Amino acid sequence: MDKLIEQFSFGLFFWQLLLFLLLVLLLRKFAWRPILNSVEKRETGIKDALASAENAKKEMENLQADNQKLLKEAREERDSMLKEARQIKEKMIADASSEAEQKANSIIASAQEAIKMEKQAALNELKKEVAALSIDIAEKVLNKELSSKNDQMQLVDTMLEDVKLN
Amino acid sequence: MLKEISTKAFALFLLMLSFGMNAQEEVHEIAPQHEGDKDLKTEIKDYINHHLQDSYDFSLYSYEENGEHHYVGFPLPVILWDDGLKIFSSSKLNHGESVAEVDGNYYKVFHGKIYKTDAQGTINLDEEHHATNEKPLDFSFTKNIFVIFAVSLFMVLMFASMAKSYKKNPLPSGMGRFLEPLVLFIRDDIAIPNIGKKHYRKYMGFLLTVFFFVWIINLLGLTPLGVNVTNNIAVTFALALMTYLLTTFTANKNYWKHIFWMPGVPWPMKIILAPIELLGTFIKPFSLMIRLYANITAGHIVLMSIIGLMFIFKNWLGSSLSFGLAFVLALLELLVAALQAYIFTMLSALYFGMAKEEHHDH
Amino acid sequence: MTIPNIVGAGLIVIGAGLGIGRIGGQAMEAIARQPEASGKIQTAMLIAAALIEGIGFAALFAA
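Predicted, not measured: the structure shown is a model, and the values here were computed from it.

## Focus on the overall build of chain B
Within chain B, the regular secondary structure consists of nine helices and eight strands. Counting only residues that meet the buried cut, chain B has 52% of its 362 residues in that class. The long-range share in chain B, meaning contacts at least 24 apart out of those at least 6 apart in sequence, stands at 62%. Of the roughly 17,400 Å² of accessible surface on chain B, a fraction of 66% belongs to carbon and sulfur atoms.

Okay, structure coming up:
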């Protein structure tokens, strides 16, 4: 201990204290503060950049999710529209076919009616014709003196042949 | 014989160069007046002593020729306060060999210190070989101060240019690439965990400066320049004093409360604890001072002794063994240089942290 | 140096050596147990070792 105290050089202590204090002050002003500040700035910059990248990623994910949702909705809409269209089409077809059937039925019915009436009319005509013919034949027979039975028969035949139902 | 010894001494110095080693003997031997009758051990001891003590001039090495000392280096200013400021070149002292005459006063170097003498340079000794001459107040710009000054200048230039490089580019470039991790290490692993995020910025200037200063100075001590600053108790005392003052003057109420009225213990204990705690505040920086000083000094003495062994063993086996041992020890000293800087910074940060600790329940 | 001084210095070295050795050993064990906490353990170890060393040196100078 005595040796230490004896060795102690006051001049060295004085200069060391002075120079070191100066060194601390100088370095603090010209080195440590700018260095630490720029390092900190860089660190916060990196942190911010990382955070914003993370945000962008999240946003991207959100966007993608939105897109997916939109796509899904669109698809559903399309599906429902298609379904509706199909339904309409089927209904239309069904309607059309039933209408056509009805029409056809009514046409057929009216045709049948017409045929019936024609037939009736034709029959009526025929009846009238037959009646007239019968009267004609009867007149002729009566007019012609029927000599023999053969002649009579022949006459009827020829008559009938003439009549030929047109 | 004389020639042989001085060549050996020179060879010792060259080996010291190759190891980048130096040391300072704690015990100052009385320098023998006659060179001729010295044995090798004393020669080595004296040589180490003579060249690696703090000196008034910057000399890299010396050699002997025709019985005269020749020094390679340059003188530094000697500044004394002895009834007025006295400034003169250390070349006047002639490495302690002659008496300097300044304004009618005579000064002579004895054991690395300047004493006031008469014109003949008589040094009066007491029984324990201590000089009884008057000692003027010595503010000389010695070798160590020159090194401190040079290192400070170097640090300012280096770190200011590093700071400037950040203006152009946010990424470190050049030296900054090596220095930035160290700066960040001190911030993230020393300052923030010990002091806390809230207050650490105030102390960063001191912590960073002390770390790099001690480290660079320690490393310089391992170079062949023959400088050894941190094994001067005055230097470590100045550093530790700064830690003490910073701790004391930035301490908050909670710190003083823990010293004078320790919470959570019964009152008789509080009275007993107060002086112990108060003493503790002085012991903490004192241990910082002693630790740095003793580690560097002890390392240097051990290494120098082992290098000196090379010359005492006069056979190839012993010499090469001590060569290997010295090599390993030199590597260890490189580690110690960084470790002591780290420990000093770390413990300073720890003490600052104590001074700034917020109140919390025990 | 007188003989009591030397003996005292020896005792100090033994004590400090034991202390630092124990710190180092325990720290190794702790690191082996929890390798992820090795950084913190190393720091604590260095501080403890430095404190013992400080006491040791102080005693050595007193001796």
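## Notes on the overall build of chain A
Helix and strand content of chain A: three helices and zero strands. Along the chain direction, N to C, the helices and strands of chain A fall in the order α-α-α. Relative to the compact-globule value of 15 Å for 166 residues, chain A shows a C-alpha radius of gyration of 64 Å, a clear excess of over 25%. Each principal axis of the C-alpha atoms in chain A carries an extent, and together these give about 200 × 20 × 20 Å. When the 166 residues of chain A are sorted by exposure, 14% land in the buried category. Accessible surface, chain A as shown: approximately 13,700 Å² in total, 59% of it carbon and sulfur. The averaged location of the 29 negative side-chain charges in chain A is 12 Å from the averaged location of its 26 positive side-chain charges.

## A short note on the sheet that holds strand β4 (residues 85-89) of chain B
Residue and element names in this part refer to chain B. Spatially, the three strands line up as an open sheet ordered β4-β3-β8, and their pairing is antiparallel. With one partner strand each, in any of the chains shown, β4 and β8 (137-138) form the two edges of the open sheet. Alignment of strand β3 (residues 77-81) against β4, held across five bridges, turns out to be antiparallel. Residue pairing across strands places Pro77 opposite Ser89, the latter belonging to β4.

## So, a nonpolar patch on the surface
On the surface, a cluster of nonpolar side chains totalling about 950 Å² of accessible area is made up of Phe10, Phe14, Leu18, Leu22, Leu26 and Phe30 of chain A together with Trp81, Leu85, Ile87 and Leu137 of chain B. Secondary structure elements with two or more residues in the nonpolar patch: α2 (10-143) of chain A together with β4 of chain B. Structurally, Trp81 of chain B is set in strand β3.

## Some words on the interface of chain C and chain B
Contact residues are listed per partner, giving ten residues for chain C and 14 residues for chain B. Roughly 1,000 Å² is buried in total at the junction of chain C and chain B, and carbon and sulfur atoms are behind 79% of that figure. Between Arg291 of chain B and Glu53 of chain C there is a salt bridge, with the nearest N and O atoms lying 3.9 Å from each other. For the pair chain C and chain B, the interface holds one residue pair in polar contact (both at pLDDT 80 or more).

## Overview of the domain arrangement of chain B
Annotation of chain B at the domain level lists domain 1 (2-20 + 145-356) and domain 2 (55-141). Domain 1 of chain B and domain 2 of chain B are separated by 30 Å when their C-alpha centres are compared.

## Notes on the interface of chain B and chain A
Listed per partner, the contact involves 56 residues of chain B and 34 residues of chain A. Between chain B and chain A, a total of about 3,900 Å² is buried, with carbon and sulfur atoms accounting for 75% of that surface. For the pair chain B and chain A, the number of links is four salt bridges. The interface formed by chain B and chain A holds eight residue pairs in polar contact (both at pLDDT 80 or more) in total. Among the elements of the structure, β8, α3 (143-168), α4 (175-195), α5 (200-221), α6 (233-250) and α8 (267-312) of chain B are those that each provide at least two residues to the side of chain B that touches chain A. The element best represented in the side of chain B that touches chain A is α3 of chain B, accounting for twelve residues.

## Overview of the pairing of strand β7 (residues 113-117) of chain B
All names here are of chain B. Within β7, four of the five residues are buried, which leaves the element mostly enclosed by the surrounding structure. Where strand β6 (residues 105-110) and β7 come together, five bridges link them in antiparallel fashion. Bridge pairing links Tyr107 to Lys116 in β7.

## Details of the packing of α2 of chain A against helix α3 (residues 149-163) of chain A
Residue and element names in this part refer to chain A. Following both chains from N to C, one finds α2 and α3 inclined at 150°, their axes separated by 11 Å at the closest point. When the interaxial angle is binned, α2 and α3 end up roughly antiparallel. Every pair of crossing elements has a handedness; the one defined by α2 and α3 is right-handed. Residues Leu133, Ile137, Lys140 and Val141 of α2 form the contact with α3, whose participating residues are Leu155, Met159 and Val163. Across the contact of α2 with α3, the residue classes tally to six nonpolar, no polar and one charged.

## Focus: the pairing of β4 of chain B
Where burial is concerned, the two faces of β4 of chain B differ: the one with Lys86 and Phe88 of chain B is buried and the one with Leu85, Ile87 and Ser89 of chain B is not. Between the antiparallel neighbours β3 of chain B and β4 of chain B lie three residues, among them Asp83 of chain B with a positive phi of about 55°.

## Observations concerning the packing of aromatic side chains
Tallying each qualifying case throughout the model produces 21 aromatic pairs over all chains. For the ring pair Phe185 of chain B and Tyr342 of chain B, a centre distance of 5.8 Å and an interplane angle of 35° mean the geometry is tilted. Note that Phe185 of chain B is positioned in helix α4 and Tyr342 of chain B in helix α9 (residues 316-356), a separation of 157 residues in sequence. Exposure remark for Phe185 of chain B: the relative accessible area of 29% places this residue in the partly exposed category. Judged by its relative accessible area of 11%, Tyr342 of chain B falls in the buried class. Judged by centre distance (6.2 Å) and plane angle (15°), the rings of Trp256 of chain B and Phe260 of chain B are stacked. Taken as a pair, Trp256 of chain B and Phe260 of chain B lie in helix α7 (residues 253-260) at a separation of four residues, close to a single helical turn. Every member of this aromatic cluster is reached through a ring pair, and the members are Phe10, Phe13, Phe14 and Trp15 of chain A together with Phe139, Phe141, Phe149 and Phe237 of chain B.

## Some words on the side chain of Asn218 of chain B
Residue placement: Asn218 of chain B occurs in helix α5. For Asn218 of chain B, the contacting residues outside a window of four places in its chain are Thr230, Leu292, Ile296, Ala337, Gln340 and Ala341 of chain B.

## A few points about the nonpolar core
Ile35 of chain A together with Phe159, Phe212 and Phe213 of chain B are the most contacted members of the largest nonpolar core, which has 82 residues in total. Summarising the domain contributions, this core has at least three residues from each of domain 1 (2-20 + 145-356) and domain 2 (55-141) of chain B. Here Phe212 of chain B is in contact with Trp32 of chain A together with Met155, Phe159, Leu179, Leu182, Val183 and Ile186 of chain B, once residues within four sequence places are set aside. Judged by nonpolar contacts, the second largest core, of ten residues, contains Leu93, Tyr107, Val109 and Ile114 of chain B.

## Remarks on the sheet that holds strand β5 (residues 100-102) of chain B
All names here are of chain B. Spatially, three strands are ordered β5-β6-β7 in an open sheet, and the strand pairing comes out antiparallel. The open sheet terminates on both sides in strands that have one partner only, identified here as β5 and β7. For this sheet, the mean angle separating the axes of adjacent strands, direction not counted, is 35°.

Rules and cut-offs
- Residues numbered from 1 in each chain as written.
- Chains lettered and ligands numbered in written order.
- Predicted model: local features only at pLDDT ≥ 70, side-chain atom pairs only at ≥ 80, totals over all residues.
- Heavy atoms only, no water.
- Helix = DSSP H or I, 4+ residues; strand = E, 2+ residues; numbered from the N terminus.
- Buried < 20%, exposed > 50% of the residue type's maximum accessible area, 1.4 Å probe, protein only.
- Contact = heavy atoms within 4.5 Å.
- Areas by Shrake-Rupley, 256 points an atom, 1.4 Å probe, with all protein chains shown as cover.
- Rg over C-alpha atoms; globule rule 2.2 N^0.38 Å.
- Lys, Arg positive; Asp, Glu negative; His and termini not counted.
- Charge placed at Lys NZ, Arg CZ, Asp CG, Glu CD.
- Pairing = 2+ DSSP bridges.
- Patch = residues over 30% accessible without salt bridge, like charges linked within 9 Å, V, L, I, M, F, W, Y side chains within 5 Å.
- Salt bridge = Lys/Arg side-chain N within 4 Å of Asp/Glu carboxyl O.
- Buried area = accessible area lost by both parts, 1.4 Å probe.
- Polar contact = N/O pair within 3.5 Å; in protein donor to acceptor, adjacent residues only side chain to side chain.
- Domains from an automatic or database assignment.
- Axes fitted to C-alpha atoms, helices over the stretch in contact; angles between N-to-C directions.
- Parallel < 35°, antiparallel > 145°, perpendicular 65-115°, else oblique.
- Left-handed = near helix turned anticlockwise from the far one by under 90°.
- Nonpolar A, V, L, I, M, F, W, Y, C, P; charged D, E, K, R; others polar.
- Phe/Tyr/Trp six-rings, centres within 6.5 Å; stacked < 30°, edge-to-face > 60°.
- Core = buried A, V, L, I, M, F, W, Y, C linked by side-chain atoms within 4.5 Å.

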